[in-house]
Amino acid sequence: MNDWLDRLGLRLPIIQAPMAGSQGSDLALAVTAAGGLGSLPAATLSPDALRAELRRLRDGARGPWAVNFFCHAPPGHDAAREAAWMARLAPHYRAAGLTPPTGPAVAARAPFDAAVAELVAPYRPPVVSFHFGLPAPDLLARVKSWGAVVLSSATTVEEARWLETHGADAIIAQGLEAGGHRGMFLTDDLSTQLGTLALLPQVVRAVRVPVIAAGGIADAAGVAAARALGAAAVQVGTAYLLCPEASPHPLHRAALQGPGAAQTALTNVFTGRPARGIVNRAMRALADGAVGWCADAPAFPLAAHGLAPLRAQAEAAGRDDWTPLWAGQAAPLCRPQPAADLTRALAAGWAS
């Protein structure tokens, strides 16, 4: 066991990726009880919901746990772009017999700020992780004053170096295979994005802090490969979505176990930011050409506002047409099993 894991008090070098909208504290507690690091996604939680979840983790965790926040800049409204987006959606609203939402788009995800820090401070989470960079220096200093270990995602070597310079205690090297949102924050050029096996050793060579491998890891063999390339631990997301302690939408859970899980793509149509999910109707119908990409999609996270009524109607009818089915490229390797069993199975690859 390396010194970094000893500092955290982790028995196993397995981190459960935070997956907003698809899990809560039940999954984080189960992973932590098994010896890994369970994570709570907080970006979409109301203040009351976040307090309740933090209380459960503080009072019930049998080991260290993490809470995750986004660090995106709050989006400004671009009336022309939002109008173009609604025009793109208009034929689908007519076909569904629905009335499109009016008025400015509403952001469904909030970045970490002083008010959130004030709310979280009494719970003193052992680990705080960030996506899309790091918060402002004064906010980061406050997080560290709690004694928290700070993690953040890098998708390039340049981002990894930036995170180390600006105070991250460990870096999550997020390969292109990973499901959900890319952690990109220094560039929006997708041609810079590398697969895990290419990115991980380059980041390990470039920084002095521990590096956590993420993306395309769903079994013990993937864990063993990450360790061989210098990872201090691994972060796994998609495989945990099939655990009974996770709470993805039933349509999402079904898609993860269906033949469509073999085809994932990066898309911006659901939120306005690149994210990997199982290809579905929205990713095809709203694309400019390549599956999943639309130049009219509003800035993150405003794109979701325009899709919400279409999504609600389709889900009520048992269809995943407009639902983000976040999944990594290793989704076909995933199987339903308790989170504790998965955590221990993954850890077996570290010892092999």
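Residues numbered from 1 in each chain as written. Predicted model: local features only at pLDDT ≥ 70, side-chain atom pairs only at ≥ 80, totals over all residues. Heavy atoms only, no water.

When helices and strands are tallied, the protein chain shows 13 helices and 11 strands. For the C-alpha atoms alone, the extent of the protein chain along its principal axes is close to 60 × 45 × 40 Å. In the protein chain, which comprises 352 residues, the share counted as buried stands at 55%. Sequence separation of at least 24 residues holds for 68% of the intrachain contacts in the protein chain that already meet a minimum separation of 6. In the structure as shown, the protein chain presents an accessible area of about 13800 Å², 55% of it carried by carbon and sulfur atoms. Charge-centre separation for the protein chain: the mean point of 28 positive side chains lies 3 Å from the mean point of 26 negative side chains. (Helix = DSSP H or I, 4+ residues; strand = E, 2+ residues; numbered from the N terminus. Buried < 20%, exposed > 50% of the residue type's maximum accessible area, 1.4 Å probe, protein only. Contact = heavy atoms within 4.5 Å. Areas by Shrake-Rupley, 256 points an atom, 1.4 Å probe, with all protein chains shown as cover. Lys, Arg positive; Asp, Glu negative; His and termini not counted. Charge placed at Lys NZ, Arg CZ, Asp CG, Glu CD.)

When helix H6 (residues 137-145) is considered as a whole, its buried residues turn out to be Leu-139, Leu-140 and Val-143. When H6 is viewed along its axis, its buried side chains cluster within an angular range of 100° and face the same direction. Among the exposed residues of H6, those pointing more than 90 degrees away from its buried face are Pro-137, Asp-138 and Ser-145. Close packing links the buried residues of H6 with helix H5 (114-120), strand S4 (127-131) and strand S5 (149-154). (Arc of directions from axis to C-beta.)

This next bit is on the pattern of salt bridges. Counted under the stated rule, the structure contains 12 salt bridges. Across the pair Glu-315 and Arg-311 runs a salt bridge whose closest N-O atoms are separated by 2.8 Å. Of this pair, Glu-315 and Arg-311 both sit in helix H12 (residues 303-316), four residues apart, which is roughly one turn of the helix. (Salt bridge = Lys/Arg side-chain N within 4 Å of Asp/Glu carboxyl O.)

Moving on, we get to the packing of helix H7 (residues 157-165) against helix H8 (residues 196-206). Close contact between H7 and H8 brings their axes to 9 Å; oriented N to C, the two are set at 35°. Here the hand of the crossing between H7 and H8 comes out right-handed. Contacts between H7 and H8 involve Val-157, Ala-160, Arg-161 and Glu-164 on the former and, on the latter, Leu-199, Gln-202, Val-203 and Ala-206. Considered class by class, the residues forming the contact of H7 with H8 number five nonpolar, one polar and two charged. (Axes fitted to C-alpha atoms, helices over the stretch in contact; angles between N-to-C directions. Left-handed = near helix turned anticlockwise from the far one by under 90°. Nonpolar A, V, L, I, M, F, W, Y, C, P; charged D, E, K, R; others polar.)

In contact at an axis separation of 11 Å, helix H4 (residues 79-96) and H12 are set at 10° when each is read in the N-to-C sense. Between H4 and H12, the angle falls in the class roughly parallel. Here H4 contributes Trp-85, Met-86, Leu-89, His-92, Tyr-93 and Ala-96 to the contact with H12, which in turn contributes Ala-303, Gly-306, Leu-307, Pro-309, Leu-310 and Gln-313. Per-class residue counts for the contact of H4 with H12 are nine nonpolar, three polar and no charged. (Parallel < 35°, antiparallel > 145°, perpendicular 65-115°, else oblique.)

So, about empty space enclosed by the protein. Applying the stated criterion across every chain yields a total of one cavity of 30 Å³ or more. By volume, the largest cavity is sized at about 580 Å³. Lining the largest cavity are 37 residues, and of these Ala-17, Pro-18, Met-19, Gly-179 and Gly-180 sit closest to its centre. Those elements that provide at least two residues to the lining of the largest cavity are strand S3 (65-70), S4, strand S6 (170-174), strand S7 (180-181) and strand S9 (233-236). At three residues, the largest contribution of residues to the lining of the largest cavity is made by S4. Within the lining of the largest cavity, the residues separate by chemical class into 20 nonpolar, 16 polar and one charged. Counting only domains with at least three residues in the lining of the largest cavity, you end up with domain 1 (1-72 + 109-244 + 336-351) and domain 2 (77-107 + 255-332). (1 Å grid on protein atoms, 1.4 Å probe; cavity = no way out; pocket = protein on both sides within 12 Å on 5 of 7 lines; lining within 4 Å. Points joined across faces, edges and corners; volume = space filled by probe spheres on them. Domains from an automatic or database assignment.)

Inspection of the secondary structure assignment puts Leu-29 in helix H2 (residues 25-33). For Leu-29, a relative accessible area of 16% translates into the label buried. C-alpha separation for the pair Leu-29 and Ser-39, spaced 10 residues apart in sequence, amounts to 8.3 Å. Contact partners of Leu-29, with chain neighbours within four places excluded, come to Arg-56, Leu-57, Gly-60 and Ala-61.

Next up on the list: the domain arrangement of the protein chain. Taken domain by domain, the protein chain consists of domain 1 (1-72 + 109-244 + 336-351) and domain 2 (77-107 + 255-332). Of note, the centres of domain 1 and domain 2, computed from C-alpha atoms alone, are 26 Å apart. With 20 residues of domain 1 at the contact, the number on the domain 2 side is 18 residues. Taking both sides of the interface into account, the surface hidden between domain 1 and domain 2 amounts to around 1700 Å²; carbon and sulfur atoms contribute 66%. (Buried area = accessible area lost by both parts, 1.4 Å probe.)

A few words now on the nonpolar core. Among the nonpolar cores identified, the biggest contains 74 residues, and Phe-69, Phe-130 and Tyr-240 are the most heavily contacted of them. Mapping this core onto the domain boundaries places at least three of its residues in each of domain 1 (1-72 + 109-244 + 336-351) and domain 2 (77-107 + 255-332). With residues up to four places along the chain from it excluded, the contact list for Phe-69 reads Ala-42, Leu-50, Phe-112, Val-116, Val-120, Val-128, Ser-129, Phe-130 and His-131. Of all hydrophobic cores here, the second largest spans 19 residues; its members include Trp-85, Val-279, Ala-282 and Met-283. (Core = buried A, V, L, I, M, F, W, Y, C linked by side-chain atoms within 4.5 Å.)

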